[in-house]
Each structure stands twice: as structure tokens, then as C-alpha cells.
Amino acid sequence: MCDRSRLSKHRVSQCAAPCGLRSGQWRPDPSGTRLPHLLCFLRRMAPKPVTSPVPVQWYPALSALLLIGGLFFTAFFFIYEATSSTRNRSLAKEVVIAAVASTFLGFGSLFLLLATGVYV
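These lines cover the structure that appears in this document, whether it is placed above or below. (Residues numbered from 1 in each chain as written. Predicted model: local features only at pLDDT ≥ 70, side-chain atom pairs only at ≥ 80, totals over all residues. Heavy atoms only, no water.)

1. A few points about the packing of aromatic side chains
Under the counting rule described, the total for this entry stands at 4 aromatic pairs. Residues F72 and F73 carry aromatic rings whose centres are separated by 5.4 Å and whose planes lie at 70 degrees to one another, so their mutual orientation is edge-to-face. For F73, a relative accessible area of 25% gives the class partly exposed. Each ring, one from F73 and one from F104, has its centre 5.6 Å from the other, and the planes form 70 degrees; the classification is edge-to-face. Of this pair, F73 sits in helix α3 (residues 59-83) while F104 sits in helix α4 (residues 91-115), placing them 31 residues apart in sequence. For F104, a relative accessible area of 29% gives the class partly exposed. Members of the aromatic cluster, each reached through a chain of ring pairs, are F72, F73 and F104. (Phe/Tyr/Trp six-rings, centres within 6.5 Å; stacked < 30°, edge-to-face > 60°. Buried < 20%, exposed > 50% of the residue type's maximum accessible area, 1.4 Å probe, protein only. Helix = DSSP H or I, 4+ residues; strand = E, 2+ residues; numbered from the N terminus.)

2. Re a nonpolar patch on the surface
On the surface, a cluster of nonpolar side chains totalling about 500 Å² of accessible area is made up of L38, L39, F41, L42 and M45. Within the element layout of this structure, L38 appears in helix α2 (residues 35-44). By relative accessible area, L38 is classed as partly exposed at 44%. (Patch = residues over 30% accessible without salt bridge, like charges linked within 9 Å, V, L, I, M, F, W, Y side chains within 5 Å. Areas by Shrake-Rupley, 256 points an atom, 1.4 Å probe, with all protein chains shown as cover. Salt bridge = Lys/Arg side-chain N within 4 Å of Asp/Glu carboxyl O.)

3. Considerations on the pattern of salt bridges
Tallied over the entire structure, the rule returns 1 salt bridge. Between R89 and E81 there is a salt bridge whose closest N-O contact spans 3.5 Å. Exposure remark for R89: the relative accessible area of 31% places this residue in the partly exposed category. Relative accessible area serves as the criterion here: at 18%, E81 is assigned to the buried category.

4. Details of the nonpolar core
Listed in full, the 5 residues of the largest apolar core are V54, Y59, L66, F111 and L114. Put simply, the parts of the chain that give this core at least two residues each are α3 and α4. Excluding residues that lie within four positions of it along the chain, V54 makes contacts with Y59, L62 and F111. (Core = buried A, V, L, I, M, F, W, Y, C linked by side-chain atoms within 4.5 Å. Contact = heavy atoms within 4.5 Å.)

Written out as C-alpha cells, the structure reads:
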């Protein structure tokens, strides 16, 4: 059991063993050192495995869809440039179409690399 009388008001909330130890295993050190606190802190700060927010099975389909979308917007951009006169062109429209095409192609390339096993 935790000796709550020896703990300050701030440390009473930590008496419930936040690191996962049972309360019978976690007692304040009579010498006054903070070793139990350090061990709890180190357990909470231990590295956790990094996982993808997207399931690995979706990589090939995502790469195909994004690359097709990027190629569509690229083709639309080139057709817009070739068929519109210089007086009818809008810089904002060109920048938006180019940014969308670039984003789709960039993420499509990323997922293509991930699908083939090249983890970048």
C-alpha cells in the first residue's frame, strides 16, 4: 500500500501507480530518492512502434487511384493551356489545377514506392 501521509499533495495522485504497477509494489523510498518516479517516467517514455495510419493492403490501390487522378489533372492542365487564349487564361485557375495535379502525383508516387517495399 502507498503511504499517503509521506507523500505531498501533488504526489498523492501518483500513488495509484500510473506506470502500471500494483499499489502493493509501488512504495515511496524511505531514503527520499525518487527512484519509483523515475522508473514510472522511463516506462511511459519508452519508444512505441510507429504504425501507418493507412493499412498496408491499401497501398497498391491508393497508388493507382492517386496516379490516375494526377494524370487526369495534368492532362486537363495541358489541354487548358493549349486551347485557351492568353487573354482568357486565369493564373489562379492554372495554379490550382497544377497544385492538385502535383499533390495527386506526389502522393501516388509515395504510395507506389511503399507498395513496392521502398519505405521512404
